[in-house]
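Structural description and commentary
Below, each chain spelled out in residue letters.
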Amino acid sequence: MFGRSTDWVLGIAAGALLALMIHYNSLLAEHTTPTFASWTAHGLGAVVALLLVLLTGARLSRRRRADGEERSAPTRVPRWVYLGGIPGAFTVILAAVTVNGSLSLSGTIAMMLVGQIVFGLVSDHFGLFNSPKRRIVPMDGLVALCVLAGSALIIFGGS
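The rules behind each value
- Residues numbered from 1 in each chain as written.
- Predicted model: local features only at pLDDT ≥ 70, side-chain atom pairs only at ≥ 80, totals over all residues.
- Heavy atoms only, no water.
- Helix = DSSP H or I, 4+ residues; strand = E, 2+ residues; numbered from the N terminus.
- Buried < 20%, exposed > 50% of the residue type's maximum accessible area, 1.4 Å probe, protein only.
- Contact = heavy atoms within 4.5 Å.
- Areas by Shrake-Rupley, 256 points an atom, 1.4 Å probe, with all protein chains shown as cover.
- Salt bridge = Lys/Arg side-chain N within 4 Å of Asp/Glu carboxyl O.
- Expected span 1.5 Å × (residues − 1).
- Arc of directions from axis to C-beta.
- Patch = residues over 30% accessible without salt bridge, like charges linked within 9 Å, V, L, I, M, F, W, Y side chains within 5 Å.

Notes on the overall build of the protein chain
In terms of regular secondary structure, the protein chain is built from five helices and zero strands. Listed by position from the N terminus, the elements making up the protein chain come as α-α-α-α-α. Within the span of the protein chain, comprising 159 residues, buried residues form 13% of the whole. For the protein chain, long-range pairs separated by at least 24 residues make up 55% of all intrachain contacts whose partners lie at least 6 apart in sequence. For the protein chain, the computed accessible surface area is about 12,500 Å², with 72% contributed by carbon and sulfur atoms.

Here it is in structure tokens:
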């Protein structure tokens, strides 16, 4: 039971951190450009990720030496995984544009919904992340169309 509660706490903390990151990134984009703000966010993220890798790698190697374990061979990572930062960069740019626009949160949520549906369809079609491959059927297009129509109502509806 403890593992599930930890997942909830980590999920809520990650969501709060994401909201703070979007807020500060949007502030930076307001004073510079969305592209510069995205580069800054990803540069800082890369530095923090490198520090975390170095910290956890050093801790793991000390633990292995203490336990007398031999070093295992590194796991092969597919090359396409390294392209994951590109959609992330576009997401940060679009979030900065929509948050600083007249719609702010509504536009951001609409764009994120559309992006999640498109990414989900592509992931299902190609079987990314070890998910079973699935053909895109007309119902998938209808779902995407409904979300796009709802997003258009939010964006162009004047609310």
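Comments concerning the pattern of salt bridges
Throughout the structure, instances matching the rule amount to two salt bridges. Of the charged contacts in the structure, one is a salt bridge between Arg134 and Asp140, with a shortest N-O distance of 3.2 Å. Under the relative-accessibility criterion, Arg134 is labelled partly exposed at 34%. Classification of Asp140 as buried rests on a relative accessible area of 12%.

Digging into helix H5 (residues 138-156)
Across its 19 residues, H5 extends 26 Å between first and last C-alpha, which sits within 8% of the 27 Å expected from 1.5 Å per residue. Taken together, the buried positions of H5 are occupied by Asp140, Ala144 and Ser151. Seen along its axis, H5 keeps its buried residues to an arc of 30°; they face one direction. In H5, the exposed residues that point more than 90 degrees away from the buried face are Pro138, Met139, Leu145, Cys146, Leu153 and Phe156.

A short note on the side chain of Ser26
Among the secondary structure elements, Ser26 is positioned in helix H1 (residues 2-31). Not counting the four nearest positions on each side in its chain, Ser26 is found in contact with Ala95, Ala96, Val99 and Asn100.

Section: the side chain of Ser123
Secondary-structure assignment places Ser123 in helix H4 (residues 105-126). Not counting chain neighbours up to four residues away, the residues in contact with Ser123 comprise Leu128, Phe129 and Ser131.

Details of a nonpolar patch on the surface
On the surface, a cluster of nonpolar side chains totalling about 970 Å² of accessible area is made up of Val77, Trp80, Val81, Tyr82, Leu83, Ile86, Phe90, Phe119 and Phe129. With respect to the helices and strands, the residue Val77 is situated in the loop between helix H2 (34-67) and helix H3 (85-99).

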